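# A closer look at the structure
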Amino acid sequence: MEIDTATSRASSIYQHLIRVIAPRPIAWVSTISLSGTPNLAPFSFFTGVGSRPPSVLFCPANRRDGSAKDTLLNILDTREFVVNVVPFRLAEAMNLSSTELPPGESEFDLTGLQISESQVVKPPGVSLSPVRMECQLMHHLALDGGPGGANIVVGRIVHLHLDESVLDSAGYADPELLDLIGRLGGASYCRTTDLFDLLRPSP
Ligand SMILES: Cc1cc2nc3c(=O)[nH]c(=O)nc-3n(C[C@H](O)[C@H](O)[C@H](O)COP(=O)(O)O)c2cc1C
């Protein structure tokens, strides 16, 4: 099958992309509104950018009515957010937190998840998430406006929290202890339980 993206519907292209760009890590992004309501939502169009500066990016698309999601609005207002990781045991709560609530209501209340005060930024993290990246906004790029319009948010990681429980003897996060999930297409997810090693080729 060949697809001309210029003449295909955006909703159909989206269905293809979420299946073929996979598995995707999930940024479980917590923010806070100017009036103090904590917000939480998952985003799988997400990746690390680099270590100098320590940085991540994720992509909150506009809603079907063309409005920006609460996560993006809060980040543009406060210039801060936290990326929490999602272990398998928090998969259901993560999914529930994707419910679109009115701006004054918090997904922390909906899910019953406890907040954890951050070290540097104002938005709290998810207490049960073993890794929390506290970020300050570096760039916001709107690729298109209106319904489904894509946005890129780039954040500088100003503080990194790692629970002792997921560290190996060298002090780095161990994939088996983290037990993170990834998102595939449709309603499918994967677990990081089937691992293999590859050594890098020598020059
Ligand atoms: C696993 C998962 C991944 C998601 N990834 C994205 C994404 O990359 N971009 C996006 O705009 N929405 C994504 N969503 C949908 C948002 O989480 C959802 O629209 C949420 O209600 C946004 O919340 P907010 O309005 O509080 O920011 C994802 C949902 C799930 C369950």
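Quick look at the structure, then.

Each value, and the rule that gives it
- Residues numbered from 1 in each chain as written.
- Predicted model: local features only at pLDDT ≥ 70, side-chain atom pairs only at ≥ 80, totals over all residues.
- Heavy atoms only, no water.
- Near = heavy atom within 4 Å.
- Polar contact = N/O pair within 3.5 Å; in protein donor to acceptor, adjacent residues only side chain to side chain.
- Helix = DSSP H or I, 4+ residues; strand = E, 2+ residues; numbered from the N terminus.
- Nonpolar A, V, L, I, M, F, W, Y, C, P; charged D, E, K, R; others polar.
- Buried < 20%, exposed > 50% of the residue type's maximum accessible area, 1.4 Å probe, protein only.
- Pairing = 2+ DSSP bridges.
- Patch = residues over 30% accessible without salt bridge, like charges linked within 9 Å, V, L, I, M, F, W, Y side chains within 5 Å.
- Areas by Shrake-Rupley, 256 points an atom, 1.4 Å probe, with all protein chains shown as cover.
- Salt bridge = Lys/Arg side-chain N within 4 Å of Asp/Glu carboxyl O.
- Contact = heavy atoms within 4.5 Å.

### Re the site of the ligand
Inspection of the region around the ligand gives 21 residues, with Pro 42, Ala 61, Lys 69, Thr 71 and Ser 98 positioned closest. In the environment of the ligand, an oxygen atom lies 2.5 Å from a nitrogen or oxygen atom belonging to the side chain of Thr 71. A per-element tally of the shell around the ligand places strand S2 (residues 38–43) first, with four residues. Of the residues contributing to the shell around the ligand, the split by class is nine nonpolar, six polar and six charged.

### Here we look at the pairing of strand S1 (residues 27–32)
Most of S1 sits out of view: six of its six residues are buried. Side chains Ala 27, Val 29 and Thr 31 project from S1 onto one buried face, and the interleaved Trp 28, Ser 30 and Ile 32 project onto a second face that is buried too. Across six bridges, S1 lies against S2 in antiparallel orientation. In the strand pairing of S2, Thr 31 is matched with Asn 39. Examined bridge by bridge, S1 and strand S5 (residues 80–84) share three bridges and lie antiparallel to one another. Residue pairing across strands places Val 29 opposite Val 83, the latter belonging to S5.

### A word on a nonpolar patch on the surface
Residues Tyr 14, Leu 17, Val 20, Ile 21 and Phe 45 make up a contiguous nonpolar surface patch of roughly 430 Å² in combined accessible area. When you line up the elements, Phe 45 lands in the loop between S2 and strand S3 (46–51). Residue Phe 45 is classed as partly exposed on the basis of its relative accessible area of 31%.

### Description of the side chain of Asn 151
The residue Asn 151 is located in strand S9 (residues 151–162) in this model. A residue is classified by how much of its surface remains accessible, and Asn 151, at 3% relative accessible area, is buried. Within the structure, the side chain of Asn 151 is placed 2.9 Å from the backbone oxygen of Pro 60, a separation counted as a polar contact. One polar contact links Asn 151 to His 140, side chain to side chain, over a distance of 2.8 Å. Discounting chain neighbours no more than four positions away, the residues touching Asn 151 are Phe 58, Cys 59, Pro 60, Ala 61, Asn 62, Leu 72, His 140, Leu 141 and Ala 142.

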